[in-house]
Amino acid sequence: MAKRSFKKRIGMVMLGVTVLAAGVFCAPRFLVYSTGCERADAVVVLLGPVFNDRDRHARDLMNRGMADYLVIPAYQKVFTVDRGKLKPVSVRKDPDRLKTNQGAKAPSYYEDTHLELIEAKRIMRQYGQTTAIFVSSPYHMRRIRMMVGKEYGSPEGHCFLPTPYEKAQVNAWELKASDWKKVGREYVKIAWFLVYSPWVR
């Protein structure tokens, strides 16, 4: 009886180790979410430490005619293509809107990316836009899809295109320590969003 119990414990430990190893192995690939995309109303580019890579991809999409407007919600800026060049478009601004976490509309524990998506939705409504191509770093895209699903009612109808100018390894054995740090930080952010998202209206 004791021998059988010991074997059962060993089996459970082995199962746990296998599941953990599989989770670690798949962790980077799960984050790098992307979709195919047809034309949308707007390209929404989200802020980050490597914003130039994101902005470059967003401008590429605009130059390819993938949308009529380029929205940078963190800066409350909107651009449109005029004679082959991006021209700024006026938008009703509130300079303290993002700094104050949307005032009374969003609690202080909302993530910065979440606040940007709320602002993007507000700006899009000004121009009657209903579909967007969301651009960010590769490891951020899964979390962005989750937040868009919560704030926009559904991720369906929207596109998610990570910038190709920022490399993100998806094979676990190819990741460096700095890559694992990014992956780990992203999962912490996803976990935090899942904690507070039930209270998002």
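Above this note sits the structure.
Residues numbered from 1 in each chain as written. Predicted model: local features only at pLDDT ≥ 70, side-chain atom pairs only at ≥ 80, totals over all residues. Heavy atoms only, no water.

Before we move on, can you summarise the overall build of the protein chain with the specific residues and values?
Along the protein chain, the regular secondary structure elements total five helices and six strands. Going from N to C terminus, the protein chain has its helices and strands arranged as α-β-α-β-β-β-α-β-α-β-α. Counting every position in the protein chain, which comprises 201 residues, the buried fraction comes to 41%. Only carbon and sulfur atoms are counted for the fraction: they give 57% of the accessible area of the protein chain, which is about 11800 Å². (Helix = DSSP H or I, 4+ residues; strand = E, 2+ residues; numbered from the N terminus. Buried < 20%, exposed > 50% of the residue type's maximum accessible area, 1.4 Å probe, protein only. Areas by Shrake-Rupley, 256 points an atom, 1.4 Å probe, with all protein chains shown as cover.)

Which residues make up helix 5 (residues 177-196), and what are the values?
Compared with an ideal rise of 1.5 Å per residue, which puts 20 residues at 28 Å, helix 5 spans 29 Å between its outermost C-alpha atoms and is within 8% of the ideal. Considered for burial, the residues of helix 5 that qualify are Asp179, Val183, Glu186, Ile190, Phe193 and Tyr196. Buried residues in helix 5, looked at end-on, bunch into an arc of 155 degrees, giving them a common side. Residues of helix 5 that are exposed and point over 90 degrees away from its buried face: Ala177, Lys181 and Val188. (Expected span 1.5 Å × (residues − 1). Arc of directions from axis to C-beta.)

Before we move on, can you summarise the pattern of salt bridges with the specific residues and values?
Under the definition given, this model contains six salt bridges. Beyond isolated ion pairs, a larger network of salt bridges with shared partners links Glu111, Arg143 and Glu186. (Salt bridge = Lys/Arg side-chain N within 4 Å of Asp/Glu carboxyl O.)

Outline the packing of helix 3 (residues 112-126) against helix 4 (residues 141-151), supporting the account with residue identities and numerical values.
Orientation of helix 3 relative to helix 4, taken along the N-to-C sense of each, is 45 degrees, at an axis distance of 10 Å. On the basis of the axis angle, helix 3 is oblique to helix 4. Here the hand of the crossing between helix 3 and helix 4 comes out right-handed. Along the contact surface, helix 3 presents Thr113, His114, Leu117, Ile118 and Lys121, while helix 4 presents Arg143, Ile144, Met147, Val148 and Glu151. (Axes fitted to C-alpha atoms, helices over the stretch in contact; angles between N-to-C directions. Parallel < 35°, antiparallel > 145°, perpendicular 65-115°, else oblique. Left-handed = near helix turned anticlockwise from the far one by under 90°. Contact = heavy atoms within 4.5 Å.)

Which residues make up the packing of helix 4 against helix 5, and what values go with them?
At a minimum axis separation of 10 Å, helix 4 and helix 5 run at an interaxial angle of 15 degrees. When the axes of helix 4 and helix 5 are compared, the pair comes out roughly parallel. The crossing of helix 4 and helix 5 is left-handed. When helix 4 is examined against helix 5, the residues Arg143, Met146, Met147 and Lys150 are found in contact with a partner set consisting of Glu186, Lys189, Ile190, Phe193, Leu194 and Tyr196. Residue composition of the contact of helix 4 with helix 5, by class: six nonpolar, no polar and four charged. (Nonpolar A, V, L, I, M, F, W, Y, C, P; charged D, E, K, R; others polar.)

For the state of the cysteines, give the residues involved together with the corresponding values.
On inspection of all chains with the given rule, the structure shows one disulfide. The disulfide partner of Cys37 is Cys159, and the S-S distance across this bridge is 2.3 Å. Every disulfide takes its handedness from the sign of the S-S torsion; for Cys37 and Cys159 that torsion is 80 degrees, giving right-handed. Pair noted here: Cys37 is in the loop between helix 1 (2-31) and strand 1 (42-45) and Cys159 is in strand 6 (residues 159-160), with a separation of 122 residues, a long-range link. On the basis of relative accessible area, Cys37 is assigned to the partly exposed category, the value being 25%. With a relative accessible area of 8%, Cys159 lands in the buried category. (Disulfide = S-S within 2.5 Å.)

Treat this as a map of the structure, not an account of what it does.
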